[in-house]
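Working through the structure, step by step
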Amino acid sequence: MKINSQTLYWILLALLVLVPFQDFIYIVFMMKVLCFALFACAFNLLLGYTGLLSFGHAAFFGGASYITAHVCKEWGWTPELGILAGMFYAMVTGYLFGYLAIKRQGIYFAMITLALSQLIFFLALQMPFTYGEEGIQGVPRGFFLGIVDLSSDFALYYFVLAVFAIGFAIVLRTIHSPFGQVLKSIRENEPRAISLGYDVTKFKLLAFVISATLAGMAGSTKSLVFQLASLTDVHWHMSGEVVLMTILGGIGTILGPVVGASVVVGLQNYLAGIGSFSTIVLGAIFVICVLAFRRGIVGEVIELMRNKNAG
């Protein structure tokens, strides 16, 4: 029996809804997976469907985390307003960064995004409201719409799942829209897209802004889950992690970033007990996976199914 993609998404959503009722799955771990899965999906929209490799997405993820943590802790904003504030920051910053970066291509584009991201890291380290290396701690989870108490992990899980579902739906709609088709044509053959009359610069900029905003959505949600915004979220290592998640899962596939984020977060969690050696083990696993799965995990599965159907 062949299952179409839409049915598959509904099945996965149903399985995620049932997670809190399973004894063998840690709810906080799953919330972390969902936050990073959304982050990877946002990044994949830029790399996998537009062909732009950014090394600065930590600026949107971590920066939005700080903004949400600050407005929720110091100003008493509700969690949904805090997330919207973080998304607004990411959208504005994404527009400014994108406007400067998309004037270049390839490695120059990547380096510009990395340099701009380091500026945000410096601001996060120096500005008074971020509390430097300590970060913003004890962020209140608050009440969703002033009614639902999110201090319970059970209630917060469904809030995080709803945020992920909204973000994933936006990515899905973008990919399958006429706008998404233009992005794919830019990725495949930019000169041809220009010859067809498309303003490639505007399309790239809009894709960058959407990707940055969704990355901010993920970072804001993470700050509520762990009640913390720290320099780790805005460090360039975070930009590298999301690249690995996307490549490992499968660039240009819809579920690839979700699978990649699940694998990376899972490995980090289960290898944490071996201390600093976990970095070496993770690196070795990534090298093996990249060599063995050239298209990523999901990409290889899709190719295997195509070959099976063709045969």
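Residues numbered from 1 in each chain as written. Predicted model: local features only at pLDDT ≥ 70, side-chain atom pairs only at ≥ 80, totals over all residues. Heavy atoms only, no water.

Along the chain, the regular secondary structure elements total 14 helices and four strands. Taking 2.2 N^0.38 as the reference for a compact globule, 311 residues should give roughly 19 Å; the C-alpha atoms of the chain span a radius of gyration of 19 Å, in line with that estimate. Looking at the chain residue by residue over its 311 residues, the buried ones come to 49%. Approximately 15,500 Å² of the chain is accessible, and the part contributed by carbon and sulfur atoms is 68%. Here the chain holds 17 positive side-chain charges and 14 negative ones, and the gap between their average locations is 14 Å. (Helix = DSSP H or I, 4+ residues; strand = E, 2+ residues; numbered from the N terminus. Rg over C-alpha atoms; globule rule 2.2 N^0.38 Å. Buried < 20%, exposed > 50% of the residue type's maximum accessible area, 1.4 Å probe, protein only. Areas by Shrake-Rupley, 256 points an atom, 1.4 Å probe, with all protein chains shown as cover. Lys, Arg positive; Asp, Glu negative; His and termini not counted. Charge placed at Lys NZ, Arg CZ, Asp CG, Glu CD.)

A few words on empty space enclosed by the protein. Using the criterion set out here, one finds one cavity of 30 Å³ or more in the structure. The computed volume of the largest cavity comes to approximately 40 Å³. Lining the largest cavity are Cys 41, Asn 44, Tyr 49, Phe 168, Val 171, Ile 175, Thr 253, Ile 254 and Pro 257. Of all elements in the fold, only α2 (27-50) and α6 (153-175) reach the threshold of two or more residues within the lining of the largest cavity. Class assignment for the residues of the lining of the largest cavity results in seven nonpolar, two polar and no charged. (1 Å grid on protein atoms, 1.4 Å probe; cavity = no way out; pocket = protein on both sides within 12 Å on 5 of 7 lines; lining within 4 Å. Points joined across faces, edges and corners; volume = space filled by probe spheres on them. Nonpolar A, V, L, I, M, F, W, Y, C, P; charged D, E, K, R; others polar.)

All right, on to the nonpolar core then. Formed by 97 residues in total, the largest nonpolar core has its most connected members in Tyr 157 and Phe 168. With 20 residues, the top contributor of residues to this core is α2. Leave out the neighbours within four places in its chain, and Tyr 157 touches Leu 16, Val 19, Pro 20, Ile 27, Met 30, Met 31 and Leu 34. (Core = buried A, V, L, I, M, F, W, Y, C linked by side-chain atoms within 4.5 Å. Contact = heavy atoms within 4.5 Å.)

With 15 residues, helix α12 (residues 256-270) extends 21 Å between its outermost C-alpha atoms, agreeing within 8% with the 21 Å of an ideal straight helix rising 1.5 Å per residue. Of the positions making up α12, those classed as buried are Gly 256, Pro 257, Val 258, Gly 260, Ala 261, Val 264, Val 265 and Gly 266. (Expected span 1.5 Å × (residues − 1).)

Within the secondary structure, Met 91 is located in helix α4 (residues 79-101). In this structure Met 91 comes out as partly exposed when scored by relative accessible area, which is 36%. Considered as a pair, Met 91 and Thr 213 are 122 residues apart in the sequence and their alpha carbons are 4.7 Å apart. When sequence neighbours within four positions are dropped, the list of residues in contact with Met 91 reads Val 209 and Thr 213.

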